[in-house]
Each structure stands twice: as structure tokens, then as C-alpha cells.
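# Examining the three-dimensional arrangement
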Amino acid sequence: MAVPISQSPPTASASSVGGETPRYTSALASLTVLFFMMGFITCLNDILIPYLKAIFNLSYTQANLINLCFFGAYFVMGIPAGKLVQRIGYKGGMLVGFLVAALGAFLFYPAAESRAYSLFLGALFVLATGVVLLQVAGNPYVAILGPAKSAPARLTLTQAFNSLGTTVAPLLGSA
């Protein structure tokens, strides 16, 4: 069952005994790294396009199916991801998101072995579905990690690392 935004998460890294405010530093740090990784993965699509275009002798239209498959997952899977997170909760949604994203990444091996462009597109869609689940579960989870009045600051911080991931990925990917 999902945790409503008005509720605080069930566990904290510091004790709230004696009027101390619980701290969620490790959970927030993990989510910040997660958002960096999601930004990094999203930006790697643009690096894939020229390589797959050359390998499969694709037209520009066919090559841009890479972005369509990846970002189409946001359009197609956003609502189902929200319903799943509502049913299994934020942490469960993030766990399923990690597993689906890992499955998508793993599917690149058979796609490369078989040299089938359609398998690459399918792997990208599965990977993006995992990222969608991670974002759908991660954003509200960041919001409940601490006082409600500082939720916008936490969301801005984690989203800044998402943007940092999209900045760093082309630099590392081009190397």
C-alpha cells in the first residue's frame, strides 16, 4: 500500500527520541544518486543513435525510433506505473523499477548477439519502463523524506542531479 504524502516514511536513520527530528540523509543521498543515473541513462540514447545508424544502415527516421521507443515509454507506461506504485508503495515501486531497468539493460546482450534492431528498440523500451517506474516512485518519496515545508527544496536538489547526469553522460559517452 502506498504511503500518502501527508504521512512520513516508516523508518528514519536517526532516532526521534527526545524531540529530535528524524534524518533521512542516507535515503535522500541514495535517491539523489538514482536521479543522477536516470539523467545519465536518458542522455545515452543520443550517443547510441549514430552507432546503431551505422551498424544497421538506418535512415534518420529509423534511427530516431530510438528516442521514440525510449520516450514513448514515458507516454505509454506513466499511468500504469502510477497505478503500480499506488498498489505496492514507493519503495516497492522503486525496487520493481530497478529490476525492470536491469532487465532492459540485460536485453542489450541478446540484441547485440543477434544484431536485430527491433530487439534493441525493445530493450530500450523495457529499460525506459524501469526508469519511468523509478521516477514515478522516486519523486513523491523524496517529497515525504522530511518536513513538508522543505519538500520543494529536496525535489529541486534531486532533480538538479538528474540534470547533472544529462550533462556528464555526453562527456563520458563520447570518450
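Residues numbered from 1 in each chain as written. Predicted model: local features only at pLDDT ≥ 70, side-chain atom pairs only at ≥ 80, totals over all residues. Heavy atoms only, no water.

### Some details on the overall build of the protein
- In terms of helices and strands, the protein carries 6 helices and 0 strands.
- Classification of the 175 residues of the protein by burial places 35% in the buried group.
- Look at the contacts in the protein between residues 6 or more apart in sequence, and 72% of them connect residues 24 or more apart.
- As presented, the protein carries roughly 9,800 Å² of accessible surface, and 69% of it is formed by carbon and sulfur atoms. (Helix = DSSP H or I, 4+ residues; strand = E, 2+ residues; numbered from the N terminus. Buried < 20%, exposed > 50% of the residue type's maximum accessible area, 1.4 Å probe, protein only. Contact = heavy atoms within 4.5 Å. Areas by Shrake-Rupley, 256 points an atom, 1.4 Å probe, with all protein chains shown as cover.)

### With respect to the confidence of the model for the protein
- Overall, the predicted model of the protein reaches an average pLDDT of 86, with 87% of residues at or above 70.
- Mean pLDDT in the protein bottoms out at helix α1 (residues 25-56), which sits at 88, and peaks at helix α3 (residues 65-106), which reaches 95.
- Considering only residues more than four positions removed or in separate chains, one finds that residues 1-8, a stretch of pLDDT under 50, has 16 contacts.
- Below pLDDT 50 for its whole length, residues 10-16 participates in 14 contacts with residues either more than four positions away or in separate chains. (pLDDT = per-residue confidence, 0-100.)

### A look at the side chain of Asn45
- Looking at the element boundaries, Asn45 is found in helix α1.
- Within the structure, the side chain of Asn45 is placed 3.3 Å from the backbone oxygen of Thr42, a separation counted as a polar contact.
- In this structure Asn45 touches Ile66, Asn67, Phe70, Phe71 and Leu124, once residues within four positions along its chain are discounted. (Polar contact = N/O pair within 3.5 Å; in protein donor to acceptor, adjacent residues only side chain to side chain.)

### Points about a nonpolar patch on the surface
- Residues Val33, Met37 and Phe98 make up a contiguous nonpolar surface patch of roughly 260 Å² in combined accessible area.
- Relative to the helices and strands, Val33 resides in helix α1. (Patch = residues over 30% accessible without salt bridge, like charges linked within 9 Å, V, L, I, M, F, W, Y side chains within 5 Å. Salt bridge = Lys/Arg side-chain N within 4 Å of Asp/Glu carboxyl O.)

### Topic: the packing of aromatic side chains
- Taken as a whole and judged by the stated rule, the model has 9 aromatic pairs.
- A centroid spacing of 5.5 Å and a plane angle of 50° characterise the contact between Phe56 and Tyr117, whose relative ring orientation is tilted. Taken together, the positions of Phe56 in helix α1 and Tyr117 in helix α5 (residues 117-144) put the pair 61 residues apart, joining distant regions of the chain. Tyr117 carries the same exposure label as Phe56, and that label is buried.
- An angle of 55° between the planes, with centres 6.1 Å apart, marks the rings of Phe106 and Tyr109 as tilted. Across this residue pair, the class does not change: Phe106 and Tyr109 are exposed.
- Ring pairing ties together the aromatic residues Phe56, Phe108, Tyr117 and Phe120, which thus form one cluster.
- Sitting above the plane of the Tyr60 ring, Lys53 keeps its charged end 4.2 Å from the centroid. (Phe/Tyr/Trp six-rings, centres within 6.5 Å; stacked < 30°, edge-to-face > 60°. Lys NZ or Arg CZ within 6 Å of the ring centre and 35° of its normal.)

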